[in-house]
Amino acid sequence: MRGRDRNLPPATLAMRLRGLVFILAMYGLMLVMGLTTMIPSLISQPFARRIAKLYSAWVFWLLRVICGARIEIRGKVPHEACIIASKHQSFLDILLLTYALPSARFIMKQSLLKVPILGLFARQIGCIAIDRSAGGDAIRTMIDGVQQRGADAGQTIIFPQGTRTAPGTFPPFRPGVLKLYQHFGQPIVLTALNTGWVWPGHGIARYPATAVLEFLETIPAEQSTEALLPVIENTIETGYDGLADEAHAALTGSDPGRHPA
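Bear in mind that the values here come from a model prediction, so they are computed numbers and not experimental data. (Residues numbered from 1 in each chain as written. Predicted model: local features only at pLDDT ≥ 70, side-chain atom pairs only at ≥ 80, totals over all residues. Heavy atoms only, no water.)

Novice: So what exactly am I meant to see when it comes to the overall build of the chain here?
Specialist: Scanning the chain for helices and strands turns up 7 helices and 7 strands. In terms of overall dimensions, the chain is globule-like: its C-alpha atoms have a radius of gyration of 18 Å, near the 18 Å expected for 261 residues. A principal-axis box enclosing the C-alpha atoms of the chain has dimensions of 50 × 50 × 35 Å. Within the span of the chain, comprising 261 residues, buried residues form 49% of the whole. (Helix = DSSP H or I, 4+ residues; strand = E, 2+ residues; numbered from the N terminus. Rg over C-alpha atoms; globule rule 2.2 N^0.38 Å. Buried < 20%, exposed > 50% of the residue type's maximum accessible area, 1.4 Å probe, protein only.)

Novice: How do you make sense of the packing of helix α1 (residues 13-43) against helix α2 (residues 45-67) when you look at a structure like this?
Specialist: Packed helix pairs are specified by the crossing angle of their axes together with the interaxial distance, meaning the distance between the axes. Viewed as axis vectors pointing N to C, α1 and α2 meet at an angle of 165 degrees, and their least axial separation amounts to 10 Å. Relative to α2, α1 is oriented roughly antiparallel. In this structure, α1 meets α2 at a crossing whose hand is right-handed. Tallied by class, the residues present in the contact of α1 with α2 amount to 20 nonpolar, 4 polar and 1 charged. (Axes fitted to C-alpha atoms, helices over the stretch in contact; angles between N-to-C directions. Parallel < 35°, antiparallel > 145°, perpendicular 65-115°, else oblique. Left-handed = near helix turned anticlockwise from the far one by under 90°. Nonpolar A, V, L, I, M, F, W, Y, C, P; charged D, E, K, R; others polar.)

This is how it looks when you write it as structure tokens:
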């Protein structure tokens, strides 16, 4: 059985209780760090990035100490200006990509800018907010936003499925990533992750497995986009399958190398 066919096992009461403690600690930390570093972060984008990375590292520590979950980053981390195409399973994706990449900035939904502290830091590190219900206007807003912030100023992260995906759900990939690719002529770095197996997008439970972010292959700039979206989807989902197998094995005690027919 492939990872794409698997669902999270039921959460235990202990997982939920530890998850609740973790959530309180995580948001308490966000409040303290956000308020104490707000003014210098508003003045300096590099400082805001350092605080975002530091906050991510502290959250990883809390996740390990409280919930027994670990973090792992695999593959070659890109340092050049590029487009990052990734699945989106929970807030842990954001933290992992922010921590791993030198200059991460996200294509994000507009409503997140209204979230206290989080919205402020998202603006400061150069995230581009779009109204996902705006259709073609959302694509134009996305391209204009990247252009205004400097197309070569960092790694632009887009979630081609357009929304969070729980383990076992597979919304289709959308062509927004190809629009960025065509307009800016930058390579696309494909990534795989299994964060939903540790930190689901909904609920308070946190699972004691290893959350992995893996940088996969790079699609060079200025290639034909004909039939490219299925390649992106297949590569990312195949990478996810393997990482989901690992997490499933850790949570159930099964052998990830053995798949029933």
